[in-house]
Amino acid sequence: MADDIHGALREAIRTILPDVECVLGWGSGPDPLRSAPLFMKSPEDVERFRAGELAVNNLAVFLPEYAGRKVGIVVKGCDSRSVVQLISETLVKREEVVIIGYPCRGVVDVAKIAAAIGLGNEDLEAGLVERAEVNGDTVSVTVRGETKTFPFKDVMAAKCSICRYPNAVLHDVFIGEKAEAREDSYADLEKYEAMSLEERFRFWEKEMERCIRCYACRNACPLCVCRDHCVASSREPHWLSQADSTRDKLFFQLIHATHLAGRCTGCGECARACPVGIPVGLFKRFINRAAGQLFGFQGGLDPEAVSPLQRFLVDEPTIKEKEWK
Amino acid sequence: MSVLEGKERRIIGFLCNWCSYGGADTAGVGRFSQPTDLRIIRVPCSGRINPLFIIKALLSGADGVLVSGCHPRDCHYAEGNFYARRRLEMCKQLLPAVGIDPLRFEYTWVSASEGQRWQQVVTDFTAQIHQLPPALRFSESPDLELLRQCG
Amino acid sequence: MNAALKFLPHEHLKAWLEELAGTMRVLAPQKEGAAVVYRAFDPSREPELIRKPTESAKHILFPRSEALFAFHKKKAPFAPDSLNPDGSQAEKEEPATPAMELTPPEQPGPTVVFGMTGCDAGGVTTFDPVYGGRYQDPYYLQRREATVLIARACNEALSTCFCTWVGGDPANRRDADILATRLENGWLLEPLTERAERVLGSTLLGDAGEAEAREAEALHAKARAAIGEAPDLTGIEDALPALFDDKDFWWSESAACLACGACTYLCPTCHCFTITDEKAGLSGVRLRAWDTCMAALYTLEASGHNPRGQKAARLRNRVGHKFAYFLKNHQGRISCCGCGRCIKSCPSSVDIRRIVLNALKRAKGKEAANG
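Residues numbered from 1 in each chain as written. Chains lettered and ligands numbered in written order. Predicted model: local features only at pLDDT ≥ 70, side-chain atom pairs only at ≥ 80, totals over all residues.

**Q** Looking at this structure, how should I read the sheet that holds strand β1 (residues 6–9) of chain C?
**A** Strand pairing in a sheet relies on backbone hydrogen bonds, with the paired strands running either antiparallel or parallel. Residue and element names in this part refer to chain C. If you trace the 8 strands from one edge of the open sheet to the other, you get β3-β2-β6-β7-β8-β9-β1-β10, paired in mixed fashion. Two strands in the sheet have a free side with no partner beyond their single neighbour: β3 (35–40) and β10 (206–207). Relative to β10, β1 is paired through 2 bridges, and the arrangement is antiparallel. When the bridges of β10 are listed, K6 appears paired with D207. The strands touched by helix α1 (residues 13–21) are β1, β2 (25–32), β6 (111–117) and β9 (186–191); relative to β2, the strand with the most contacts, the crossing angle is about 130°. (Pairing = 2+ DSSP bridges. Helix = DSSP H or I, 4+ residues; strand = E, 2+ residues; numbered from the N terminus. Contact = placed C-beta atoms within 7 Å. Axes fitted to C-alpha atoms, helices over the stretch in contact; angles between N-to-C directions.)

**Q** What's the story with the interface of chain C and chain A in this structure? I'm lost.
**A** It is common to give the size of an interface as the accessible area lost on bringing the parts into contact. Tallying the contact residues gives 41 residues for chain C and 35 residues for chain A. Going through the elements one at a time, β3, α8 (262–266), β11 (273–280), β12 (283–290) and α10 (341–344) of chain C are the ones with two or more residues in the side of chain C that touches chain A. In the side of chain C that touches chain A, the residues fall into 21 nonpolar, 11 polar and 9 charged. (Nonpolar A, V, L, I, M, F, W, Y, C, P; charged D, E, K, R; others polar.)

**Q** Help me out: how do you make sense of the environment of A:P166 in this one?
**A** All names here are of chain A. Turning to its location among the elements, P166 is positioned in the loop between α5 (158–161) and β8 (173–174). Along the backbone, P166 and K76 are 90 residues apart, and their C-alpha atoms lie at a distance of 6.7 Å. Residues within four places of P166 in sequence aside, it is in contact with G77, P103, C104, R105, A179 and A181.

**Q** Whenever I open this one, the pairing of strand β7 (residues 146–151) of chain A confuses me. Can you help?
**A** The side chains of a regular strand alternate between both faces of the sheet. Residues and elements named next belong to chain A. Burial of β7 is sparse: only 0 of the 6 residues sit out of reach of the surface. Pairing of strand β6 (residues 138–143) with β7 involves 6 bridges; the strand directions are antiparallel. When the sheet's bridge partners are listed, T142 is paired in β7 with T147. Connecting the antiparallel pair β6 and β7 is a turn made up of 2 residues, with R144 showing a positive phi of about 50°. (Buried ≥ 20, exposed ≤ 12 C-beta atoms within 10 Å, placed from the backbone.)

**Q** Whenever I open this one, helix α7 (residues 247–254) of chain C confuses me. Can you help?
**A** Three- or four-residue spacings in an α-helix give side chains the same orientation, since the helix completes a turn every 3.6 residues. Residues and elements named next belong to chain C. Here α7 has its buried residues at W250, E253 and S254. Along the long axis of α7, the arc covered by the buried residues comes to 90°, so they all point the same way. Along its buried surface, α7 packs onto α9 (311–329) and α11 (352–369). (Arc of directions from axis to C-beta.)

**Q** What am I meant to see in the interface of chain B and chain C here?
**A** Contacts between chain B and chain C engage 6 residues on the former and 14 residues on the latter. Partitioning the side of chain B that touches chain C into residue classes produces 4 nonpolar, 1 polar and 1 charged.

**Q** How should I be thinking about helix α1 (residues 20–29) of chain B in this particular structure?
**A** Residues and elements named next belong to chain B. Counting buried positions along α1 gives 7 out of 10 residues, so the element sits mostly inside the fold. Those residues of α1 lying buried are S20, Y21, G22, G23, A24, T26 and A27. Where α1 is buried, its residues meet β1 (11–16), β2 (38–43), β3 (64–69) and α4 (115–130). Positive backbone phi, at 55°, marks R31, one or two positions downstream of α1.

**Q** Any chance you could explain the packing of helix α2 (residues 51–59) of chain B against helix α3 (residues 80–94) of chain B here in plain terms?
**A** Angle between the axes and distance between the axes: these two values describe a pair of packed helices. Residues and elements named next belong to chain B. The interhelical angle for the contact between α2 and α3, taken along N-to-C directions, is 30°, at an axis separation of 9 Å. In terms of their interaxial angle, α2 and α3 are classed as roughly parallel. In terms of crossing hand, the pair formed by α2 and α3 is right-handed. Taken together, the residues of α3 that come into contact with α2 (itself represented by P51, I54 and I55) are R87, L88 and C91. Its residues placed into classes, the contact of α2 with α3 shows 5 nonpolar, no polar and 1 charged. (Parallel < 35°, antiparallel > 145°, perpendicular 65-115°, else oblique. Left-handed = near helix turned anticlockwise from the far one by under 90°.)

**Q** What is the right way to read the nonpolar core from this model?
**A** For soluble globular proteins, nonpolar side chains are generally found buried alongside one another. A:I73, A:V83, A:I113, A:A216, A:I287 and C:I150 are the most contacted members of the largest nonpolar core, which totals 234 residues. The dominant element in this core, judged by the number of residues it contributes, is helix α11 (residues 281–295) of chain A, at 7 residues. Each residue touching A:V83, except ones within four places of it in the same chain, is listed here: A:A60, A:L63, A:I73, A:V75, A:V92, A:V97, A:I99 and A:L170. Counting 7 residues, the second largest nonpolar core, distinct from the first, contains A:A243, B:L144, B:L146 and C:V285. (Core = buried A, V, L, I, M, F, W, Y, C linked by C-beta atoms within 7 Å.)

**Q** Even after reading the chapter, I still don't get the environment of A:S35, so can you show me in this structure?
**A** Structurally, A:S35 is set in strand β2 (residues 35–40). For the pair A:S35 and A:E53, spaced 18 residues apart in sequence, the C-alpha to C-alpha distance is 9.9 Å.

**Q** I keep staring at the packing of α1(B) against α4(B) and nothing clicks. Help me out?
**A** Residue and element names in this part refer to chain B. Here α1 crosses α4 at 95°, and the two axes come no closer than 7 Å. Regarding the angle of α1 to α4, the classification is roughly perpendicular. Across from G23, A24, T26 and A27 in α1, the residues of α4 making contact are G115, R117, W118 and Q119.

**Q** Sorry if this is basic, but what is going on with the domain arrangement of chain A here?
**A** All names here are of chain A. According to the domain assignment, chain A contains domain 1 (1–105 + 163–183), domain 2 (110–154) and domain 3 (185–318). Computed over C-alpha atoms, the centres of domain 1 and domain 3 are 25 Å apart. The residue makeup of the side of domain 1 that touches domain 3, split by class, is 11 nonpolar, 4 polar and 4 charged. (Domains from an automatic or database assignment.)

**Q** Looking at this structure, how should I read unusual backbone geometry?
**A** Apart from glycine, the bulk of residues carry a negative phi angle, and the bulk of peptide bonds sit in the trans form. All names here are of chain A. Cis geometry marks the peptide bond from E236 to P237, where omega comes out at 5°. Its location among the elements puts P237 in the loop between α8 (216–219) and α9 (246–259). Of note in the backbone geometry, R213 takes a positive phi value of approximately 55° without being a glycine. Mapped onto the elements, R213 comes out in the loop between α7 (197–209) and α8.

Written out as structure tokens, the structure is:
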């Protein structure tokens, strides 16, 4: 990401700093490839701010914690949609958040880079990366003293190659030239749907086996706002057993997906957060496609919008009910 | 083990109290013969039905789930079935994501006077489920397997 | 000592594991999707012995959920007037109180784990004083006794590795049953406990000598160097309690925490559990399942009060338990083995090393200020 945009972003953050409790942005993580959320309270903190291709976290997840206090937030396009959705659901007050947007050309998928680094037959860990740099259309990564370069598009997160809203959809300040939007035809689902129903069932049975039930998928989701009151941990009603059972683990994913129907903004944090790499984002892709086809709705575009499942039409032209002869 | 094991499928029906449950009753009073695979659970309104009822039933081994409420515009609570229609359609579209045939789940509207329509719905849906193979089961976790052994 | 060293040529590894699988359960890390997890050894696949397993090995001894027993309530039998086989009138039974029948679960037999990392073995020995000390946990102890742990020495360190900070070592001789080092031509196996004998009798294993031992030592030294110098954590067990009420500190350290359980469930030393009954009709199973102090429910009291209602209090507990409370209960042992999974797999990159160092610094600062 260009230095002048970084400079202008830091300047914008410093400008709003006196008016807010803190500004949410990104700083460096445990290694050069990973970033971590940064909570900026002083101008010195702002020096550690970095945005761009490595700034993967969706910081909107923290906003509801700050209810009643005014904060600033730096957003990519996808993050801004989460903020908008939260505002539309009255979980965040518009006047309590200052939104700083910038053009996002996509973020990296650390798992893809880790797989791409492979020296010989080995998969390597992001944790071996000594240096990481994004220059225009390439990513250079140094491991064991050896530098490898790959095209950025090969290691970009899947959600970015189909991103329709790379620029903040709602913002108070926008820094930089707007980035170009991409198209999403749900081609990934078509590929998945080439599998038979039984293959899909067995696929999930296998994938969910390694789920450790840490609920990182849930807690990283900016719209999973029940937080400490999730039905997954409830004994009454007893939706899930405590057993380490594939069925219960998969059922939780469907609980998550149904609760996001007509709300999900497709930020992909659920899948990114999964420590064992289960592609849980797929369920949300299904509901998002359905919300689009049935109700022409995409989450997080309009702060005044009402979720399609909270309204109805007396005659639903798009719902094709079964005809009983 | 039931004598009908292998002949019958497990079908769960969620019926609203005001129309469809009455419709099923009308069918019974009228002695309309129906397949016996369906087990009915009465709920106050189709708007009461959480899509998770359906998903949980299907993941737990039900071969089919049928939801029936009052006809649109006829809801006892005025708009419960309008909301239900959107939720249930969304739920139906999610099922293939986990490899569950969407034909295993249908929702419809039957009024309290429509005994004959109820008979038709049950007959058609049961036939639809019988055309599908029995529902796929998960390999059970050893902990719960122990429960099955002693149960 | 060196007389007991064994050498396993690379080409014999799978044959050896297959041979062991004939008489015991053999578990090894296996690639699955983007993760590396422990699975039953499959001769048709290569075990993953380079990447650090994504999950720790603790579930092998302490499963994510385990049935402690199943119960079945037996209703008193209906006792009508009846005749004995000899035709005399049988004595009428008093209606009995319902009987409770308990079924114990089957315990897995002999097991060997090949290819866990040294830090994971360190996790196991932090379990030992908890489940095998003042309170004896038969479920854990039975598995522990039946399991041979073969740890592999690390040849390099990830950015998140810090085993040397907490008394560990890339070549962990303290905690495993066997230390395995990957050499140029094969594995050097160094028995460390009596349990090691159960798996080292194979004819596929040769003897190893000074040359192999020296080669291994050089690799160990290289890995130690890669982790870098460990900071001095002396006094951490007092620093953390001293900061117990320091809200600013814990709020700022936990700001990025999502309060999920990835850190605790991937942690080789976290050992908390919850017990619940899963019932169906007259039968049920009493389950013990992992619990996490990062969840609100962990400390929620029946009154509705939650002493750790905020994520800051929960994070404080996690760090405090590992670096202070556990030390005081268990002879100064830190209940962190430095594997770094909580950092590496944290969706928000919360870094426990940073918290510990900041705590030391802040406590020192406070002490100085108080004179």
